[in-house]
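Chain and residue survey
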Amino acid sequence: MKRQNTKVSCIGALLLALVISAAASGQDADLIPMWDASDERSAVRIDHSAWQDILDAYLISDHPSGINRFDYGALKASSEDRQKLGGYLKSLSDIDPRAHSRDEQMAYWINLYNALTVYVVVPRFPVDSIKDIKSGLIDFGPWNLELFPLQGEKLTLNQIEHGILRPIWQDPRIHYAVNCASHGCPNLAGRAYQAETLEQMLEEGARAYVNHPRGAQIVDDELIVSSIYDWYKVDFGDTDEGVIAHLFNYAEPGLKAQLAKFDDFSDDYDWRLNSPE
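A short tour of the structure in this document, coming up. Since we're looking at a predicted model, the values are computed, not measured. (Residues numbered from 1 in each chain as written. Predicted model: local features only at pLDDT ≥ 70, side-chain atom pairs only at ≥ 80, totals over all residues. Heavy atoms only, no water.)

What about the pattern of salt bridges?
Opposite charge on two side chains allows them to pair when their charged atoms are near. By the definition in use, this model includes 16 salt bridges. The salt bridge involving Arg41 is made with Asp39; its shortest N-O contact spans 3.2 Å. On the basis of relative accessibility, which here comes to 22%, the residue Asp39 falls in the partly exposed class. In this structure, Arg69 engages Glu277 in a salt bridge whose closest nitrogen and oxygen atoms are separated by 3.2 Å. Of the two residues, Arg69 sits in strand 2 (residues 69-70) while Glu277 sits in the segment after strand 7 (266-268), which places them 208 residues apart along the sequence. Residue classification places Arg69 among the buried positions, given a relative accessible area of 1%. (Salt bridge = Lys/Arg side-chain N within 4 Å of Asp/Glu carboxyl O. Buried < 20%, exposed > 50% of the residue type's maximum accessible area, 1.4 Å probe, protein only. Helix = DSSP H or I, 4+ residues; strand = E, 2+ residues; numbered from the N terminus.)

Okay, structure coming up:
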């Protein structure tokens with residue numbers, strides 16, 4: 001009996017280690033080949049007005065913390081707006097993004113990711129963290145749930161981010177655009193992404209996050225950065241120096257002067273849900 005208990009204990013420890021490992025590291029950007037196509041001749045614009053309506057009604061973008069909040073409880077209480085969100089996602093599932101230009105696609109995938117995240121949280125609210133919504137036994141968070149039917153496939157949030165957005169565009173600013181419903185995450189933007197505003201919004205998102213304490217701050221002579229820069233270091237030069245160079249590029253003068261003193265960092269992340277306080 002003692003041996004059996006030891007074996008069960010070892011299995012439990014292994015599962016715990018797997019969960020911790022998953023929580024502590026990012027995911028590789030492995031291209032899903034079927035989505036690597038576009039039509040640059042297309043001038044068709046995808047309608048994101050329903051998502052804009054949801055943002056206008058439920059996003060709190062003037063919170064004193066500088067962290068945008070989303071009122072999941074209020075959206076949950078409105079059957080009309082829940083239907084609007086579901087209808088918006090249905091409209092996106094009826095579109096083949098490959099028939100559009102790259103810029104139109106990028107806006108499509110970012111808005112889809114953010115709207116799906118809200119869609120996942122709302123029926124399960126209240127929760128303390130998005131990590132409390134499980135995908136499976138050893139998964140933390142909903143990122144491996146098959147949520148979105150598109151062109152005969154069912155996509156997960158992880159596939160949208162790591163199989164499509166990151167490998168196709170190879171732009172580190174994507175991390176400032178997709179929102180994981182947490183305090184530590186870059187803000188959920190108050191505007192739906194559009195092809196014609198992509199560059200402006202990606203730059204705004206990068207600058208805002210880098211210059212907020214959750215992006216980078218100096219505490220007791222130590223540089224503390226968001227764990228995003230550790231999990232996805234490969235997207236930011238693949239070294240501590242590369243991350244700091246990226247931060248330096250977007251830092252305001254005061255932070256820039258401080259960053260010049262460092263060649264390594266520690267990291268931290270706040271997984272509390274970005275709901276109103």
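A closer look at the pairing of strand 5 (residues 216-219)
With four bridges joining them, strand 5 and strand 6 (residues 222-226) adopt antiparallel strand pairing. If you follow Ile218 over to strand 6, its bridge partner there is Leu223. Linking strand 5 back to strand 6 in an antiparallel pair, the connection comprises two residues, with Asp220 at a positive phi of about 50°. (Pairing = 2+ DSSP bridges.)

Fair warning: the whole summary comes from geometry, so function is off the table for now.
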